[in-house]
Amino acid sequence: MKKNVKRIVCILFIFTLSVYAVFLTYLHFFASGGRTLSGEWTANLDLTNQAAVTALGWLQDIEGVSVSLEDMEPYMQDLTVQVDLTFEQTARAQGTFQSYVLPESYDACNQAAYEAFAMAFQDILAERLRMAGYVGSTDREAVEALVTKTFGMSTVSYLMTCAPTLLPSLEELQAQYDGSGAYSVEDGVLSRQFEVGGPAGTVTEKYIRKDTSLILIKQPGFDGEGLFLDNYPVIYTLK
């Protein structure tokens, strides 16, 4: 009799733990910040460091002027590209999604990157002119006029034409982030799987949810070759 009671108590205890675990997962993903995942989420890919490093490499080739990554920080700031992600929950722990890079956000980021690059270039050019004994004005307007007269185009246009590309192309970003597929939630972790361009093929990304944010914790297929490994975590927030 006592053995049967202990067995029943043990079974009830295990059952209670299982229900509690499921309930916590439910709260973690569906009760925190919204009852479902359905809706629009957005992330801002931070390309600031990539643009700064690329610009720095080109500027360092200018003889007679030393420049460091720290020198670039006042110029290159908040260079982000928006990625939108839409979830449609079809069952308690699964559904479909669609994600895409906003072309207008990319265009704005690219323009901002080259405008920042142009300011750094103008300041370095002004320093070189002073070192060479130039006695005319070396403020940015004067330097811009010299660049336009010398190259027949603005500083931004000159850098876009002759300097290295600061950002990955829109097509590269779309190949990595555009896609649709299915997602599932298990043990508090959301997994979404979709086809991407390039050698990676099918990618499975894993996220955890914190309030109204989804934080990317794993992106197989891009390790060692990914564009944004140094900028993780990628965080999607609910609109």
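What counts as what
Residues numbered from 1 in each chain as written. Predicted model: local features only at pLDDT ≥ 70, side-chain atom pairs only at ≥ 80, totals over all residues. Heavy atoms only, no water. Helix = DSSP H or I, 4+ residues; strand = E, 2+ residues; numbered from the N terminus. Expected span 1.5 Å × (residues − 1). Contact = heavy atoms within 4.5 Å. pLDDT = per-residue confidence, 0-100. Buried < 20%, exposed > 50% of the residue type's maximum accessible area, 1.4 Å probe, protein only. Polar contact = N/O pair within 3.5 Å; in protein donor to acceptor, adjacent residues only side chain to side chain. Core = buried A, V, L, I, M, F, W, Y, C linked by side-chain atoms within 4.5 Å.

**Details of helix 2 (residues 48-59)**
With twelve residues, helix 2 ought to run about 16 Å at 1.5 Å a step, and its terminal C-alpha atoms sit 16 Å apart, in line with that. Of the surrounding elements, those touching the buried residues of helix 2 are strand 1 (39-46), helix 3 (69-72), helix 4 (103-131) and helix 6 (155-162).

**Observations concerning the confidence of the model for the protein**
Scored by pLDDT, the protein comes out at a mean of 81, with 75% of its residues at no less than 70. Low pLDDT (under 50) marks residues 19-34, which in the prediction has 34 contacts with non-local residues, meaning those over four places away or in another chain. Across residues 221-232 the pLDDT falls below 50, and counting only partners more than four positions away or on other chains, this stretch makes 25 contacts in the model.

**Topic: the side chain of Ser99**
With respect to the element layout, Ser99 can be found in strand 3 (residues 94-101). With relative accessibility at 2%, the residue Ser99 sits in the buried group. For Ser99, the side chain forms a polar contact with the main-chain oxygen of Tyr177, separated by 2.6 Å. Not counting the four nearest positions on each side in its chain, Ser99 is found in contact with Asp84, Leu85, Tyr177, Asp178, Gly179 and Arg192.

**Focus: the nonpolar core**
Within the largest apolar cluster, 53 residues are counted, with the highest numbers of intra-cluster contacts made by Leu59, Met76, Phe117 and Tyr236. By residue number, the principal contributor to this core is helix 4, which donates eleven residues. Residues in contact with Leu59, not counting those within four places in the same chain, are Val67, Met72, Phe117, Ala120, Phe121 and Ile124.

**What about unusual backbone geometry?**
Positive phi is not limited to glycine here, since Asp78 has a value of about 55 degrees. Residue placement: Asp78 occurs in the loop between helix 3 and strand 2 (80-91). Residue class for Asp78 comes out exposed when judged on its relative accessible area of 68%. Positive phi values are uncommon outside glycine, yet Asp211 reaches one of about 55 degrees. Look at Asp211 and you get partly exposed, because its relative accessible area is 47%.

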